[in-house]
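An overview of the molecular structure
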Amino acid sequence: MKKIYTSFVLLACMGAFAQNTVGTTLNTAEALQGYTLFSPVHTTLPDYTYLIDNCGRVVNSWESPNHRNAQFSYLNNDGTMVKSVFDNASTLFYGGVSGGLQKFDWDGSLLWSARISDTDYSFHHDYVQLPNGNLLIMVAYRMTNQEALDAGRNPSTLTNDNGALYDERIQEIELVGNNAYNIVWEWRLWDHLVQDFDNTKNNFDNPADHPELLDVNYIGSILPNVADWWHLNAMDYNPVRDEIVVSSRFLSEIYIIDHSTTTAEAAGHTGGNRGKGGDFLFRWGNPAAYRAGTGSDQQFFGQHGSKWITQGSNQGKIIVFNNGNGRGYSTVNIINPSFDVNGNYLMANGTFLPVTSDYVWENEPVNTDFFATFLSNATQLPNNNIFVNNGPRGIFFEVDENGNKVWEYKIPIIGTGILSQGDPHTDIRITQAEKYSADHPAFSGRDLTPQAEIELNPQPQNCQLFLSTDTVTLESIVLYPNPVSNQISWQSQIPAKEVQVIDLSGKVLVNSQPVNSSIDVSTLAPGVYIVKITSEKASFSLSLIHI
C-alpha cells in the first residue's frame, strides 16, 4: 500500500493569492489545467451551477430559477449538464433526498426536468448518464413494518418512521419529452437480503455463507436503528464491465452489481455476464457486515464517493473519499479489486480482495488537520493528481503525486449570498464537485473566455492559466501599470500573438495583434477587466483595474 502524506506546502505561486480569503487561494503550474464544476445551495432562488477556471473565474454557469440545487452535477461529452435539484414530494426520513433532476444544454436552456418522488419514494444523491443517453438513479422506497418483518428484520430495531424500513433501488430511466421518463431496468436491494433471526422466512440462512447478500439485521454504527439503514450516497458505472458500484455510508461498504442483467434476472441470483443475477459481485470496506471480520478489519468509515478511475496511472481501480467517522481523520483511498481469468472478483479467507488499499492520501500530521465527517468526494485526474472536495468546509484542493498541495479554491458563497474578497471564509456544505481537463470533449468548440470571479470585489491578480507544455513560472508575464488609465504594457518571456481586453460579462472590448508590448485602453470606462494574452503555446489571463 502506498501512503502519501502532505503538509499542505504552499508552492511558488502562493504569493499571487496571499491576500485572498475566498475564491482561488493557490494556483500552480503543477495543477491540472482545466475547469471545476459545482452546484452550491442558496436559501433564495435562483440557484446556479458554476464552471470555473483555475483562477476562480466563471467560464460558464447554469441557472435554476425554480428549484434549489441538490449539489450533484456532471458534464456530458456533448456539453450538456445534468444536475440534481430539490423537488421532494416524499415523507421519507432520509438525509440527501432531493427528488428532482434537470438537464441543460451548454447555453443554459433547460432540456428536461422531472420529479422522481412521491409519498413513499424519492430519488436521492447520485446518478450516472449512461452511454446510451439513459440515466442510472438511486431511489429509496418505504417498506412497511409488516414488509420489514416478512424480510426477517428484528422488530426491536424498527424504531423509526412507524416501524418502516427503506429499500434501495437502482433504476435506469429513459428521458421522455421534456418532463417525463420511463423505467427500463431496475435492481432492488429487497431481493438480495439474508438473515438468521427468523427461521420461518424464506431468506433464513447464515449470512457468513452468503457474502453476495446483505444481512437485513446488520446495523452500522453511524445512525443505528433508523429506517434509512443502508443509505447509499454515491454511484458510478463501468462501461467496460457493464457494472455499477454504489457506496453505503451507514454500513461503511461499497458494492458492485451486474448491470448486464434483465430486470427479472436482477431480482434473482442467476443471469447476466457474471451469472449471478443481481447478487453482489464484490463488496469492500467492512467485512464484519458479512461476518468475515471484526472491527479491527474495517477499512471504510462512513465514506462518500466511489468512482472507477478512467484515466492516469490507476485506471481501472476505485477511488473513495474515506470520511473516517469513528476513526477521527479523513483519507482518500484507492483500491484495486482482483479478478480471476473469467473476470470474477476474487476472495481469500472469506473476504474480498485486496486486503488493503493500493494508495492512501492523508494529511500530515495525521488525526489533527483534515477531518471531513460527512459529504465530500475525490477524483484522480488525468495528470495523476488527486482532486479533493472537503464537503463540510466548502474547499476544493488538488494534490500532486508527492502529496503537495498545488491548487486550492474556497467557495465564496453562503446560504444567503455571495462573500466579498477579504471576508473570512465561512464554511458552506457541498456534497460533490468535479474537475475536468481542458481537453475534455464537452469543451470542444465552446467559448471559455473567463468572466468575473464569483466573489464580490475581487482583487487584481496576475493569475496564469498554465496551458503551455513548456515550464512556466509566475514571472513569465507582468502587466503594468495596474491600475491603469491610458496605456497598458506587459513584459513576457513568450511573444504575444493576440491580446484581448474583456469585461466581466465576457464581452471582448479590445482585440489586438500587437506589434509591440502595449495597447491603448484609454476608451475603457472605470472598472475591472480581464486581459487575455495568448502566445503560440500558452494563454494567460490577468485582472486589470481601469481608473
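Described in the following lines is the structure provided in the data block. Note that the coordinates shown come from a computational prediction; the quantities given were computed from them, not determined experimentally. (Residues numbered from 1 in each chain as written. Predicted model: local features only at pLDDT ≥ 70, side-chain atom pairs only at ≥ 80, totals over all residues. Heavy atoms only, no water.)

**What about the overall build of the protein chain?**
What counts is decided by this rule: Helical segments are the DSSP runs of H or I of at least four residues, strand segments are the runs of E of at least two, and each set is numbered from the N terminus. Each residue's exposure class comes from its accessible area (1.4 Å probe, protein chains only) as a fraction of the maximum for that residue type: buried when under 20%, exposed when over 50%, partly exposed otherwise. Between two residues, a contact is recorded if the distance between any of their heavy atoms is within 4.5 Å. In short, Shrake-Rupley with a 1.4 Å probe defines the accessible areas, and a residue's cover is counted only from the protein chains shown.
When helices and strands are tallied, the protein chain shows 2 helices and 41 strands. Sorting the 547 residues of the protein chain into buried and exposed places 59% on the buried side. Across the protein chain, the fraction of contacts at a sequence separation of at least 24, relative to all contacts at a separation of at least 6, is 59%. Surface exposure of the protein chain reaches about 20,800 Å², of which carbon and sulfur atoms provide 47%.

**A closer look at the environment of Trp-230**
Note the threshold: Each polar contact in these results corresponds to two N or O atoms within 3.5 Å; when the atoms are within protein, one needs to be able to donate a hydrogen and the other to accept it, and residues that are neighboring in sequence are counted only if both atoms are side-chain atoms.
On the secondary structure map, Trp-230 appears in the loop between strand 16 (214-215) and strand 17 (232-238). Since its relative accessible area comes to 1%, Trp-230 is described here as buried. Along the backbone, Trp-230 and Gly-220 are 10 residues apart, and their C-alpha atoms lie at a distance of 8.3 Å. Those residues within four positions of Trp-230 in sequence are excluded, and the remaining contacts are Glu-168, Trp-187, Leu-189, Leu-214, Val-246, Ser-248, Arg-249, Phe-250, Leu-251, Tyr-255 and Phe-280. For Trp-230, the side chain forms a polar contact with the side chain of Tyr-255, separated by 3.3 Å.

**Looking at the side chain of His-210**
Tracing the backbone through its elements, the reader meets His-210 in the loop between strand 15 (193-194) and strand 16. At 2.8 Å, the side chain of His-210 forms a polar contact with the side chain of Glu-212. Residue contacts for His-210: discarding those within four places in its chain leaves Val-194, Asp-205 and Arg-283.

**Describing the pairing of strand 27 (residues 377-380)**
Both faces of the sheet carry side chains from a regular strand, because those side chains alternate between them. Selection rule: At least two DSSP bridges between two strands are needed for those strands to be called paired.
Where burial is concerned, the two faces of strand 27 agree: the one with Asn-377 and Thr-379 and the one with Ala-378 and Gln-380 are both buried. Inspection of the sheet shows strand 27 paired to strand 28 (residues 386-390) by 4 bridges, in the antiparallel sense. Bridged to Thr-379 within strand 28 is Phe-387. Connecting the antiparallel pair strand 27 and strand 28 is a turn made up of 5 residues, with Asn-384 showing a positive phi of about 80 degrees.

**Focus: empty space enclosed by the protein**
Empty space among the atoms can be located by rolling a probe the size of a water molecule over them. We count it as follows: The way it works is a 1 Å grid over only the protein atoms, where trapped points that fit a 1.4 Å probe form a cavity and open points with protein on both sides within 12 Å along at least five of seven lines form a pocket, and then any residue with an atom within 4 Å of a point lines it. Grid points are joined across faces, edges and corners, and a volume is the space filled by probe spheres set on the points. Gly counts as polar in this scheme, as do all residues outside two lists: the nonpolar Ala, Val, Leu, Ile, Met, Phe, Trp, Tyr, Cys and Pro, and the charged Asp, Glu, Lys and Arg.
Using the criterion set out here, one finds 4 cavities of 30 Å³ or more in the structure. In this structure, the largest cavity encloses a volume near 70 Å³. Taken together, Phe-72, Tyr-74, Asp-126, Asn-233, Ala-234, His-304, Gly-305, Lys-307, Ser-376, Asn-377, Thr-431 and Gln-432 make up the lining of the largest cavity. When the residues that make up the lining of the largest cavity are grouped by side-chain class, the tally is 3 nonpolar, 7 polar and 2 charged. Its boundaries defined by the atoms lining it, the second largest cavity holds a volume of some 60 Å³. Looking at the lining of the second largest cavity residue by residue, the classes come out as 9 nonpolar, 3 polar and 1 charged.

**Some points on the nonpolar core**
Convention followed: The criterion is simple. A nonpolar core is a set of buried Ala, Val, Leu, Ile, Met, Phe, Trp, Tyr and Cys residues joined through side-chain atoms within 4.5 Å.
Formed by 34 residues in total, the largest nonpolar core has its most connected members in Leu-136, Ile-170, Trp-187, Leu-214, Trp-230, Ile-244 and Val-246. At the level of secondary structure, the elements contributing two or more residues to this core comprise strand 12 (135-143), strand 13 (165-176), strand 14 (180-188), strand 17, strand 18 (243-248) and strand 19 (253-258). Apart from residues no more than four positions distant in its own chain, Val-246 is found in contact with Met-138, Ile-170, Trp-230, Leu-232, Ala-234, Met-235, Glu-253, Ile-254, Tyr-255 and Ser-306. Counting 27 residues, the second largest nonpolar core, distinct from the first, contains Phe-104, Phe-123, Val-139 and Ala-442.

**A closer look at unusual backbone geometry**
Geometrically, the link from Leu-353 to Pro-354 is a cis peptide bond, its omega value of 10 degrees lying close to zero. With respect to the helices, strands and loops of the structure, Pro-354 is situated in the loop between strand 25 (351-352) and strand 26 (359-363). Here Asn-482 and Pro-483 are connected by a cis peptide whose omega angle stands at 15 degrees. Locating Pro-483 in the fold gives a position in the loop between strand 35 (477-480) and strand 36 (487-492).

**Side note on the packing of aromatic side chains**
Spelled out, the test is: For Phe, Tyr and Trp, where Trp contributes only its six-membered ring, two rings pair if their centres lie within 6.5 Å, and the inter-plane angle classes them as stacked under 30 degrees, edge-to-face over 60, or tilted in between.
Taken as a whole, this structure holds 29 aromatic pairs when the rule is applied. Consider the rings of Trp-187 and Phe-280, whose centres lie 6.4 Å apart with planes at 40 degrees: the pair is tilted. Of this pair, Trp-187 sits in strand 14 while Phe-280 sits in the loop between helix 2 (263-266) and strand 20 (282-284); the two residues are 93 residues apart in sequence, bridging distant segments of the chain. By the burial criterion, Trp-187 is buried, and Phe-280 matches it. Centre to centre, the rings of Phe-282 and Phe-352 are 5.5 Å apart; their planes meet at 70 degrees, and the pair counts as edge-to-face. Of this pair, Phe-282 sits in strand 20 while Phe-352 sits in strand 25, and the two are 70 residues apart along the sequence.

**Comments concerning the sheet that holds strand 29 (residues 395-399)**
Filter applied, for reference: Between the N-to-C directions of two axes lies an angle of 0 to 180 degrees, each axis being a line fitted to C-alpha atoms and, for a helix, fitted only over the stretch in contact.
Pairing in this open sheet of 5 strands is antiparallel, and the strands run 2-30-29-28-27 from one edge to the other. This sheet does not close on itself; its edge strands, each paired only once, are strand 2 (23-27) and strand 27. The mean inter-strand angle of the sheet, taken between neighbouring strand axes irrespective of direction, is 10 degrees.

**Some points on the environment of Leu-51**
Within the secondary structure, Leu-51 sits in strand 4 (residues 47-52). Sequence separation between Leu-51 and Lys-435 is 384 residues, and the spatial gap between their C-alpha atoms is 9.1 Å. What Leu-51 contacts, discounting residues up to four positions off in sequence, is Tyr-35, Thr-36, Leu-37, Arg-57, Val-58, Val-59, Asn-60, Trp-62, Leu-75, Trp-106 and Phe-443.

**A closer look at the side chain of Ser-113**
Checked against the element boundaries, Ser-113 lands in strand 9 (residues 110-115). Of the residues examined, Ser-113 reaches a relative accessible area of 19% and is grouped as buried. Of the polar contacts made by the side chain of Ser-113, one reaches the side chain of Gln-102; its length is 3.5 Å. Dropping the residues within four chain positions of it, Ser-113 is found in contact with Leu-101, Gln-102, Asn-178 and Asn-179.

**Remarks on the pattern of salt bridges**
Convention followed: When a carboxyl oxygen of Asp or Glu is within 4 Å of a side-chain nitrogen of Lys or Arg, the pair counts as a salt bridge.
Applying the stated criterion across every chain yields a total of 16 salt bridges. A single salt-bridge network, built from bridges that share partners, covers Asp-120, Arg-142 and Asp-161.

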